[in-house]
Amino acid sequence: MGSSPRVKRAFWTIAAILLQAAFFSAMAAAQVTGPDFNRLGSGTVTITITNNSGDGSVAADIVVINTIPATGFSYVAESSMVNGHDGSSSSAEPSQAGLDLTWDIDALLGGAYQLPDGETLTISFDLIADCQAQGSANTDSVVVNYTVSGIPVTPQTFSTDFTVRAGTPNLTVDKTGPESISLCEEVTYTLTVTNAGDEGGILTTVTDTFPNTEFNYVGGSATVTYPDGTTAALEPGGAPNAPQWAWAPNGITIGPGETLTIEYALTTSCDAASGSSEVVIDYEDCGGAQQSDNDSLSIEVLPGDLTITKTPVEQAAGIGDTVIWTLTITNTGLGNIGNIAVEDVLGGGFAYVSSAPAGVNSGQNTSWSAVEVPDLDLLTPGQSTQINISATVIACE
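Residues numbered from 1 in each chain as written. Predicted model: local features only at pLDDT ≥ 70, side-chain atom pairs only at ≥ 80, totals over all residues. Heavy atoms only, no water.

(A) Quick peek at the confidence of the model for the chain. Looking at the chain, the pLDDT average stands at 87 and 91% of residues meet or exceed 70. Contacts from residues 1-28, a stretch scored under 50 in pLDDT, to residues over four places away or in other chains number 29 contacts. (pLDDT = per-residue confidence, 0-100. Contact = heavy atoms within 4.5 Å.)

This is the structure we're talking about:
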């Protein structure tokens, strides 16, 4: 004799309850973990979900909701990573609503994801603690929704408390770059700001000062690398030829152990002089107290010095003969010399014929620049270049 419909309904109800109970006990292995946080510092939170049912039950339709602590914490964008038991993964962002971060595992891992008995699913993401975060009662809670055999199971909730340590920021600045510069030279300097403290510091300004107004910032050359590794152009203020320029990094927070760098180029004019260069940073702690640090660099400007000879000094020739001279231009100084212009003026008894390299001739005058003689663009210490010039003797003087 078969069972009645009422008996069958009772059987399936009991079976559903048993399935719920089986996977609920499996979820006892689920947990959320995270570090102790420093104020104005970030840390990684990990949610671990393990199916320990032991009876072959499979969890599906998994949706995880994490509620971050109510005061002083925020999610770090693009820090999420979901790793399935089967090697699947996703760095897609969770949906956000208020304090809630929600991961729909099916949508993130390609659809129809199932967590078999004995397997583990993990979610990691970063939070940052601001100046309002404090103490140890910072509760982060997680709700896991799922189904077993298509039947919704009572969601499981678990939580942990994060501890926030109050500390002291210690931002230091280091300036690196050439300590010897030639006149009329372009060089690159790097300013590195590091937080050696145990709490984040809020960087407000970076001010760099050079010996005199003959040191000029190269417009559009500055690049800032933020603590998260992203880079951007960041122009300083100050007049184009001022020996001082300042950057305002928009109150960027530099956490413990993090760095920010600014790299830029400058040029020296032909009148630049040696001296000391100093960079100063200003920053604030969580209480708004102003602090600063500085670093200096002695810069020696190496002057160049040009000598020019015309040889031979004398040569025997008659009217109608062609004579040839060699011009030798040498940098006998300590530094580079650039943008050199050379001019030769023939006496009235000569008529210009040619030069090698060819110059720009007008009557008795012939001139050369880097256009005609590329070496004249820049002569390093000890470097020489030569020009030959030919003329015809047309009169005796």
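(B) Just the state of the cysteines, in detail. Inspection of the entire model under this criterion finds 1 disulfide. The side chain of Cys131 participates in a disulfide bridge whose partner is Cys286; the two sulfur atoms lie 2.1 Å from each other. Torsion about the S-S bond of the Cys131 and Cys286 cystine: about -85°, corresponding to left-handed handedness. Highlighted residues: Cys131 in the loop between strand 11 (120-129) and strand 12 (135-148) and Cys286 in the loop between strand 24 (275-284) and strand 25 (290-302), separated in sequence by 155 residues. Taking the relative accessible area as the measure of exposure, Cys131 reaches 22% and is therefore partly exposed. (Disulfide = S-S within 2.5 Å. Helix = DSSP H or I, 4+ residues; strand = E, 2+ residues; numbered from the N terminus. Buried < 20%, exposed > 50% of the residue type's maximum accessible area, 1.4 Å probe, protein only.)

(C) Broad picture of unusual backbone geometry. A cis amide bond links Thr311 to the next residue, Pro312, at an omega of 0°. Relative to the helices and strands, Pro312 is located in the loop between strand 26 (306-311) and strand 27 (322-331). Backbone torsion omega between Ala356 and Pro357 reads -5°, so that peptide bond is classified as cis. With respect to the secondary-structure elements, Pro357 resides in the loop between strand 30 (350-356) and strand 31 (360-362). Even without a glycine there, the phi angle at Glu78 is positive, about 60°. Residue Ala112 is not a glycine yet carries a positive backbone phi of 60°. Of note, Ala112 is situated in the loop between helix 2 (105-108) and strand 10 (114-115).

(D) Expanded view of the side chain of Asn38. Within the secondary structure, Asn38 is located in strand 2 (residues 37-38). The class for Asn38 is buried, based on a relative accessible area of 16%. Beyond its immediate chain neighbours, meaning those up to four positions away, Asn38 contacts Ala129, Arg165, Asp198, Glu199 and Pro256.

(E) The nonpolar core, seen in detail. Among the nonpolar cores identified, the biggest contains 33 residues, and Ile47, Ile62, Trp103 and Ile105 are the most heavily contacted of them. Taken together, the elements giving at least two residues each to this core come down to strand 3 (41-50), strand 4 (59-67), strand 5 (73-75), strand 9 (100-104), helix 2, strand 11, strand 12 and strand 13 (151-165). Of all the elements, strand 11 adds the most residues to this core, at 5 residues. The contact partners of Ile47, leaving out residues within four places of it in the chain, are Gln31, Val32, Val64, Asn66, Trp103, Leu121, Thr122, Ile123, Phe125, Val142 and Phe158. Of all hydrophobic cores here, the second largest spans 31 residues; its members include Val187, Val193, Leu234 and Ile254. (Core = buried A, V, L, I, M, F, W, Y, C linked by side-chain atoms within 4.5 Å.)

(F) Examining the pattern of salt bridges more closely. As enumerated under the stated definition, the model contains 4 salt bridges in all. One salt bridge in this structure joins Arg39 and Glu199, with 2.9 Å as the shortest N-O distance. Highlighted residues: Arg39 in the loop between strand 2 and strand 3 and Glu199 in the loop between strand 16 (186-195) and strand 17 (201-209), separated in sequence by 160 residues. Of the two residues examined, Arg39 and Glu199, each falls in the buried class. Between Asp208 and Lys175 there is a salt bridge, with its nearest N and O atoms 2.8 Å apart. (Salt bridge = Lys/Arg side-chain N within 4 Å of Asp/Glu carboxyl O.)

(G) Representation of the pairing of strand 12. Note: strand 4 against strand 12, 7 bridges, orientation antiparallel. What sits directly across from Val64, in strand 12, is Val144. Relative to strand 13, strand 12 runs antiparallel, the two being bridged by 11 bridges. Bridge pairing links Thr147 to Pro152 in strand 13. Adjacent in sequence and paired antiparallel, strand 12 and strand 13 are bridged by 2 residues, among which Ser149 carries a positive phi angle near 55°. (Pairing = 2+ DSSP bridges.)

(H) Expanded view of the sheet that holds strand 31. Spatial strand order, 29-32-31: 3 strands in an open sheet with antiparallel pairing. Looking at which strands have only one partner, the edges of the open sheet turn out to be strand 29 (342-345) and strand 31. Neighbouring strand axes in the sheet, compared pairwise and without regard to direction, differ in orientation by 15° on average. Sheet topology places strand 31 next to strand 32 (residues 365-368); 3 bridges connect them, and they run antiparallel. If you follow Val360 over to strand 32, its bridge partner there is Ser367. (Axes fitted to C-alpha atoms, helices over the stretch in contact; angles between N-to-C directions.)

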